[in-house]
Amino acid sequence: MKISILSLFPHMFDGFLNESIIKRAIEDKKIEIEVIDFREYTKDPHKKVDDTPYGGGAGMVLACQPIFDCVNAIKTPESKVIIMTPSGIPYKQAYAYDLSKEKHLIIICGHYEGFDERILSLADMEISIGDYVLTGGELPAMVITDSIVRLIPGVINEESHINDSFNDNFLLDYPTYTKPADYNGMKVPDILLSGDHKKIDEWRYQEALKKTQERRPDLLDK
Ligand code: ADE
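J.: Tell me what's going on with the overall build of the protein, and back it up with residues and numbers.
T.: For the protein, the count of helices and strands is 8 helices and 9 strands. Over its C-alpha trace the protein gives a radius of gyration of 22 Å, far above what one expects of a compact globule, namely 17 Å for 222 residues. In terms of overall dimensions, the protein has C-alpha extents of about 70 × 40 × 35 Å along its principal axes. Among the 222 residues that make up the protein, the fraction classed as buried is 40%. Long-range contacts, defined as pairs at least 24 residues apart, comprise 74% of the intrachain contacts of the protein with a sequence gap of at least 6. Total accessible area on the protein is roughly 13,400 Å²; 52% of this is exposed by carbon and sulfur atoms. Across the protein, 26 positive and 37 negative side-chain charges occur, with their mean positions spaced 4 Å apart.

What follows is the structure in structure tokens.
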């Protein structure tokens, strides 16, 4: 799978792509990620990529030409185009699963006041990572890239995501502990030390259910 990220601030991705699991996935060729500065595609003599909004108003709006030319230069019949915007559909784990099966994702990061509306016609999906407004689409692009890459077979131990919160069972994660069994008087539940895996599975399920009922009852409605 390949992910092409279009951004005016490609260096924001340096740390993200050069640490930990994402770095290893790239080195192991499980994923190819390129970050393209779409300013390189502008035909404006001053390298401008934005302009003032028709009808007036604050801020600058990303113009059509650089983004259309960039997408058209890299798009293939297998590409799926995603635009990061706070007005997109709220992102969730189910989308991460679907997107992890695609061959080529093109993720467009906005900045400033937003996109010229005509740019949205390029998108197969407009995605928001939550009901808050960030300074640009770079962090949201990293969020969705991370959630997708970890689902690509061989990137992490598959058992690690079978139990993830937000999978089909719609339960939050059960509590986990590691050594020591007693840390400053805070004890690991006895059941986890019992070696009885049937009972442990049942306890974990009940704890996950309890946590979901307390914190995210909306997930149980599904
Ligand atoms: N760009 C700015 N804020 C955003 C958000 N919440 N989700 C996706 N893209 C954004």
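J.: Would you mind going over helix α5 (residues 138-149) in detail, with residue names and values included?
T.: Compared with an ideal rise of 1.5 Å per residue, which puts 12 residues at 16 Å, α5 spans 16 Å between its outermost C-alpha atoms and is within 8% of the ideal. A large share of α5 lies buried, amounting to 9 of its 12 residues. For α5, the set of buried residues is Glu138, Pro140, Ala141, Met142, Ile144, Thr145, Ser147, Ile148 and Val149.

J.: Give me the lowdown on unusual backbone geometry, citing residues and values where you can.
T.: The amide bond that connects Lys179 to the next residue, Pro180, takes the cis arrangement and shows omega of 5°. Of note in the backbone geometry, Lys29 takes a positive phi value of approximately 60° without being a glycine. By the secondary structure assignment, Lys29 is in the loop between α2 (20-27) and β2 (32-36). Within the chain, Lys47 stands out as a residue other than glycine whose phi angle is a positive 65°. Along the polypeptide, Lys47 turns up in the loop between β2 and β3 (50-51). The class of Lys47 is partly exposed, set by a relative accessible area of 42%.

J.: Describe in detail helix α7 (residues 197-215), supporting the description with residues and values.
T.: The terminal C-alpha atoms of α7 lie 26 Å apart, and with 19 residues this matches the ideal 27 Å at 1.5 Å per residue to within 8%. Looking at α7, one finds that the buried residues are Ile200, Trp203, Glu207, Ala208, Leu209 and Thr212. Residues of α7 that are buried make contact with α8 (217-220).

J.: Explain the site of the ligand to me, and be specific about the residues and the numbers.
T.: In the vicinity of the ligand, the residues found are Met84, Thr85, Pro86, Ile127, Ser128, Ile129, Gly130, Tyr132, Val133, Leu134, Gly136 and Pro140. At 3.2 Å, a backbone N or O of Thr85 approaches a nitrogen atom of the ligand. For the ligand, a nitrogen atom lies 3.0 Å from a polar atom in the backbone of Leu134. Isolated, the ligand exposes 260 Å² of accessible area, and the fraction of that covered by the protein chains is 96%.

J.: Can you tell me about the side chain of Ser4, naming the residues and giving the values?
T.: Secondary-structure assignment places Ser4 in strand β1 (residues 2-6). Taking the relative accessible area as the measure of exposure, Ser4 reaches 0% and is therefore buried. Polar contacts involving the side chain of Ser4 include one to the side chain of Glu34, which spans 2.7 Å.

J.: Which residues make up the packing of aromatic side chains, and what are the values?
T.: Here the structure, examined in full by the defined rule, presents 1 aromatic pair. Ring geometry for Tyr91 against Tyr95: centres 6.3 Å apart, planes inclined by 35°, an arrangement best described as tilted.

J.: Which residues make up the domain arrangement of the protein, and what values go with them?
T.: If you check the domain split of the protein, you get domain 1 (2-149) and domain 2 (166-220). The straight-line distance from the C-alpha centre of domain 1 to that of domain 2 is 37 Å.

J.: Help me get a handle on the sheet that holds strand β7 (residues 125-128), residues and values and all.
T.: Spatially, β2-β1-β6-β5-β7 is the arrangement adopted by the 5 strands of the open sheet, whose pairing is parallel. In the strand order of this sheet, the two ends are held by β2 and β7, each with one partner. Between one strand axis and the next, the sheet turns through 30° on average, direction left out of account. Relative to strand β6 (residues 104-109), β1 runs parallel, the two sharing 5 bridges. Within the sheet, the bridge partner assigned to Ile5 lies in β6 and is Ile107.

What counts and how
- Residues numbered from 1 in each chain as written.
- Predicted model: local features only at pLDDT ≥ 70, side-chain atom pairs only at ≥ 80, totals over all residues.
- Heavy atoms only, no water.
- Helix = DSSP H or I, 4+ residues; strand = E, 2+ residues; numbered from the N terminus.
- Rg over C-alpha atoms; globule rule 2.2 N^0.38 Å.
- Buried < 20%, exposed > 50% of the residue type's maximum accessible area, 1.4 Å probe, protein only.
- Contact = heavy atoms within 4.5 Å.
- Areas by Shrake-Rupley, 256 points an atom, 1.4 Å probe, with all protein chains shown as cover.
- Lys, Arg positive; Asp, Glu negative; His and termini not counted.
- Charge placed at Lys NZ, Arg CZ, Asp CG, Glu CD.
- Expected span 1.5 Å × (residues − 1).
- Near = heavy atom within 4 Å.
- Polar contact = N/O pair within 3.5 Å; in protein donor to acceptor, adjacent residues only side chain to side chain.
- Phe/Tyr/Trp six-rings, centres within 6.5 Å; stacked < 30°, edge-to-face > 60°.
- Domains from an automatic or database assignment.
- Pairing = 2+ DSSP bridges.
- Axes fitted to C-alpha atoms, helices over the stretch in contact; angles between N-to-C directions.

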